[in-house]
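Chains, contacts and geometry: an overview
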Amino acid sequence: MWTNRVLMCGIDILLCLWAVYLFFFYFDIFFARKRKRYLSVIGITLFVIWQFGITTIISFPAYINIAVTIMFTFLAVMMTYEGRWWNKGVFVITFNAIWMLMETLCNYILITYCPQYAAVRQVGSFVSKIFFNAVILALKKVFTDDDIKELPVRYSILLVLIPTGSIYIMNNIFMLGFANNNGRTRINSTFTVLILLGMNILIFYVYMKLADDLRLRRMAAVYEQQLELCERHQQERELSMLQLRDIKHNMKNNLISILAYAENKEYEKMTGFIEEIMGEGGMVIASISNSGNIVIDSLIGYWYVTAQNKKIIFKTDICIPMIMPFKGADLSLILGNLLENAVEAAEKVEENKYINVKMKFDKNNLLLFVDNSYKGKLLKTRDNRLKSTKSDAENHGVGLASVYRAVAKYHGSVVIEDSEPGKFKIRIVLYSNVQE
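All figures in this text were calculated on a predicted structure; none of them were measured in a lab.

To continue, consider unusual backbone geometry. In this structure, K311 takes a positive phi of about 60 degrees despite not being glycine. Counting through the fold element by element, K311 comes out in the loop between α10 (294-309) and β1 (313-319). One non-glycine residue with positive phi stands out, namely H411, at about 55 degrees.

Laid out in structure tokens, this is it:
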């Protein structure tokens, strides 16, 4: 007798370990693991204890078991993977919904074709995990090559309604089928399970399409901003050329007048005339960056003029070539967002408003340093990333999250220094030897 119990206990432990494998197999498709492994160990341990307890000792009503299972799965995911909690919630509930659908489907299959094994819990659990493993494998084939983007919370809440509703419907159908134990009910329930399974799998497709749409809208905003800056830069160059042409045209007459003042030794009049020429014919638009890189020059020029209008001291040290091995859209996204934040922060300071920008291209790598004065308190995430303080952070510009993603494309790094009160420093390094 005790040998059978030990054997059943060993099988339950193996099934729990298989559940852990399915956990990682599924969530590794959509999220990156955290570096702090001890948190993952704690979360997975709680997940395993509950899975073992629910199959052996714990005997709660079905709805409590479902709720607690979702809670422990969500806790394990939060402690194991990177990402926002609401996006994790979508995949956690979908994970449990598909798992529950697989168990119900396998139960009906066993009752119909192998009734002698239907009452053996371990057999049903084993078969359902085989089916679940096949579903996850199919999902991985479809989604493993795509970059899963994080959706805003409102989309995640809407998407989670389908798997949540599926769990509720499936629980009721299972209880109804159990109460009315006949072949027709089981067949109808099986079709219902398959339909609900298809709806839950479609969640992933909808999620990806919404994420792609959000990415395209953000990229469109980047390109629109870049085109606007390029157009403004071109207009400034055309205006500068017109001013230079006018100066050349009038130079001969001006030199004749200066020569006349010099011959008559009217030095004060000559000095005043020269100052008048410089005031009228001088360049109106300051060309603060002349690297030849139109993206960088136009961004620096635009935010320089904006900073000057807000009485902010804007200094630059730009040492970059005309062409660099980085996409213009990525450079526009990173530099534009940093300069916009720097101007907004420095504007709020009462005294000593300043912004210092330094860019250097060294050994095919780009170094970008931005220092500025600021007032108040910085908001950071748990992983020490800077968090936007804008009320419309999702749609305003491209967002700081996009900056981190753009830097990550080049295996770069973002370092924030705010140890000195009132001084904010951000250091970004982009590496060009990255094969995309």
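After that view of the structure, there is still more to cover.
A few words now on a nonpolar patch on the surface. A cluster of nonpolar residues, Y38, I42, L46 and L75, forms a patch on the protein surface that exposes about 350 Å² of accessible area. Take the nonpolar patch: its biggest share by element is three residues, from helix α2 (residues 37-56). Assignment of secondary structure puts L75 in helix α3 (residues 62-80). Residue L75 is classed as partly exposed on the basis of its relative accessible area, which comes to 35%.

Moving on: the pairing of strand β4 (residues 413-417). Looking at chain direction, β4 and strand β5 (residues 423-431) are connected through five bridges and run antiparallel. Residue pairing across strands places V414 opposite I428, the latter belonging to β5. Count of turn residues in the β4/β5 antiparallel hairpin: five residues, of which G422 carries a positive phi of about 80 degrees.

Here α2 contains 20 residues, and its C-alpha end-to-end distance of 28 Å stays within 8% of the 28 Å for a straight helix at 1.5 Å per residue. Regarding α2, the residues found buried are S40, G43, I44, F47, W50, Q51 and G53.

Thresholds applied
- Residues numbered from 1 in each chain as written.
- Predicted model: local features only at pLDDT ≥ 70, side-chain atom pairs only at ≥ 80, totals over all residues.
- Heavy atoms only, no water.
- Helix = DSSP H or I, 4+ residues; strand = E, 2+ residues; numbered from the N terminus.
- Patch = residues over 30% accessible without salt bridge, like charges linked within 9 Å, V, L, I, M, F, W, Y side chains within 5 Å.
- Areas by Shrake-Rupley, 256 points an atom, 1.4 Å probe, with all protein chains shown as cover.
- Salt bridge = Lys/Arg side-chain N within 4 Å of Asp/Glu carboxyl O.
- Buried < 20%, exposed > 50% of the residue type's maximum accessible area, 1.4 Å probe, protein only.
- Pairing = 2+ DSSP bridges.
- Expected span 1.5 Å × (residues − 1).

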